[in-house]
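Descriptive structure summary
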Amino acid sequence: MFTAKAVIFDLDGVICFTDKYHYLAWKKLADRLGIYFDEQINNRLRGVSRMASLEIILERSEKEYTQEEKEAFAEEKNNDYREYLMTMSPADLSEEVKTTLDALRAKGYLLAIGSSSKNTKLILSKIGLGEYFDAIADGNDITHSKPDPEVFLCAAAKLGVPAAECAVVEDALAGIQAAKGGGMIGLALGGDAENCGLEDYDLKGFGDLLNIL
Ligand code: B16
Ligand code: MG
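Computed from a prediction, not measured in an experiment: that's the story for all the values here.

Helix and strand content of the protein: nine helices and six strands. Taking 2.2 N^0.38 as the reference for a compact globule, 213 residues should give roughly 17 Å; the C-alpha atoms of the protein span a radius of gyration of 17 Å, in line with that estimate. Each of the 213 residues in the protein was classed as buried or not, and the buried ones make up 52%. Put simply, of all contacts in the protein between residues at least 6 apart along the chain, 59% involve residues at least 24 apart. If you sum the accessible surface of the protein, you get close to 9800 Å²; carbon and sulfur atoms cover 49% of it. Considering the protein, the positive charge centre built from 23 side chains and the negative charge centre built from 36 side chains are found 2 Å apart.

Reading across the sheet, the six strands line up as β3-β2-β1-β4-β5-β6 and stay open at both edges, with parallel pairing between neighbours. Strands with a single pairing partner mark the edges of an open sheet, and in this sheet they are β3 (135-137) and β6 (201-202). Sheet topology note: the strand β5 (residues 185-188)/β6 ladder contains two bridges and is parallel. Note on β6: the bridge partner recorded for L187 is Y201.

In the first shell of the magnesium ion (ligand 2), the protein supplies D10 (OD), D12 (O) and D171 (OD), at 2.0 to 2.3 Å from the metal. Summarised as a motif, the one-chain spacing of the donors to the magnesium ion (ligand 2) is D-x1-D-x158-D. Here D12, found in the loop between β1 (6-9) and α1 (19-33), pairs with D171, found in the loop between β4 (166-170) and α8 (173-181); they are 159 residues apart in sequence, far enough to count as distant.

Time to look at the site of ligand 1. Near ligand 1 lie 17 residues; those nearest to it are V48, S115, S117, K118 and N119. Within the backbone of G47, an N or O atom sits 2.8 Å from an oxygen atom of ligand 1. Take V48: an N or O atom from its main chain is 2.6 Å from an oxygen atom of ligand 1. Contact with the protein chains covers 97% of the free accessible surface of ligand 1, which is 470 Å². Broken down by class, the residue content of the shell around ligand 1 amounts to four nonpolar, seven polar and six charged. Structurally, the shell around ligand 1 is a two-domain feature, drawing no fewer than three residues from each of domain 1 (6-16 + 89-212) and domain 2 (19-85).

Along the polypeptide, A74 turns up in helix α4 (residues 67-85). Using a relative accessible area of 5% as the deciding quantity, one classes A74 as buried. For the pair formed by A74 and L29, sequence separation is 45 residues and the distance between their alpha carbons is 9.0 Å. Residues within four places of A74 in sequence aside, it is in contact with R50, M51 and L54.

We now examine the nonpolar core. Within the largest apolar cluster, 39 residues are counted, with the highest numbers of intra-cluster contacts made by F9, I15, L101, F133 and L187. Setting aside chain neighbours within four positions, we find L101 in contact with F9, I15, L111, L129, Y132, F133 and F206. Counting 18 residues, the second-largest nonpolar core is a separate cluster that includes F152, C166, V168 and M184.

Rules used in this analysis
- Residues numbered from 1 in each chain as written.
- Chains lettered and ligands numbered in written order.
- Predicted model: local features only at pLDDT ≥ 70, side-chain atom pairs only at ≥ 80, totals over all residues.
- Heavy atoms only, no water.
- Helix = DSSP H or I, 4+ residues; strand = E, 2+ residues; numbered from the N terminus.
- Rg over C-alpha atoms; globule rule 2.2 N^0.38 Å.
- Buried < 20%, exposed > 50% of the residue type's maximum accessible area, 1.4 Å probe, protein only.
- Contact = heavy atoms within 4.5 Å.
- Areas by Shrake-Rupley, 256 points an atom, 1.4 Å probe, with all protein chains shown as cover.
- Lys, Arg positive; Asp, Glu negative; His and termini not counted.
- Charge placed at Lys NZ, Arg CZ, Asp CG, Glu CD.
- Pairing = 2+ DSSP bridges.
- Donors = N, O, S within 2.8 Å, 3.2 Å for Na, K, Ca; no water.
- Near = heavy atom within 4 Å.
- Polar contact = N/O pair within 3.5 Å; in protein donor to acceptor, adjacent residues only side chain to side chain.
- Nonpolar A, V, L, I, M, F, W, Y, C, P; charged D, E, K, R; others polar.
- Domains from an automatic or database assignment.
- Core = buried A, V, L, I, M, F, W, Y, C linked by side-chain atoms within 4.5 Å.

As structure tokens, this is what we get:
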């Protein structure tokens, strides 16, 4: 149905689920600072960079903070978040995701990760995919986070595949905007990507990739 040579996967919300850990770590910081934060606000952080996430949380703060203070808050949150990540294991990778990835590879697709997260390599190694992908583009490679297409264009360049021949799998609207902005095929998988109106296709589940690629 789609002609692509490569598939670029978002990480959080597509390959595995760390939003609960982001929530717990941001909640701890927000509580310490006396700022209201709930799971609905947490949903706005999908695909958004760490500093941009902090700005969303600080929207409810009565106090203004300096750049230095903000960087310290982001580091504090990240240290708590990484403690949660250390509890992850290959059991956090579903059978459906693993068998679908293997089947796509067997069909000849190049497979890459395009994630806003600076913790991408740690997460992949914890779930047993440390050496799996043909290319990884993450928060460490880019200056502009999704919805900017930079992370996906970086993944395509690392793969050596033209953007038009890359399909992107995303759970975040910001991620679909990034994929389409980069001239790629946008495949929505749940989250606020689903039915956002910009996607080329709504996946019924991860395994549905094998029906369309
Ligand atoms: P970090 P993705 C994103 O990953 C998360 O969805 C988002 O909630 C997070 O703020 C962002 O990574 C940055 O993460 O603090 O680990 O650098 O969905 O693009 O794989
Ligand atoms: Mg995501």
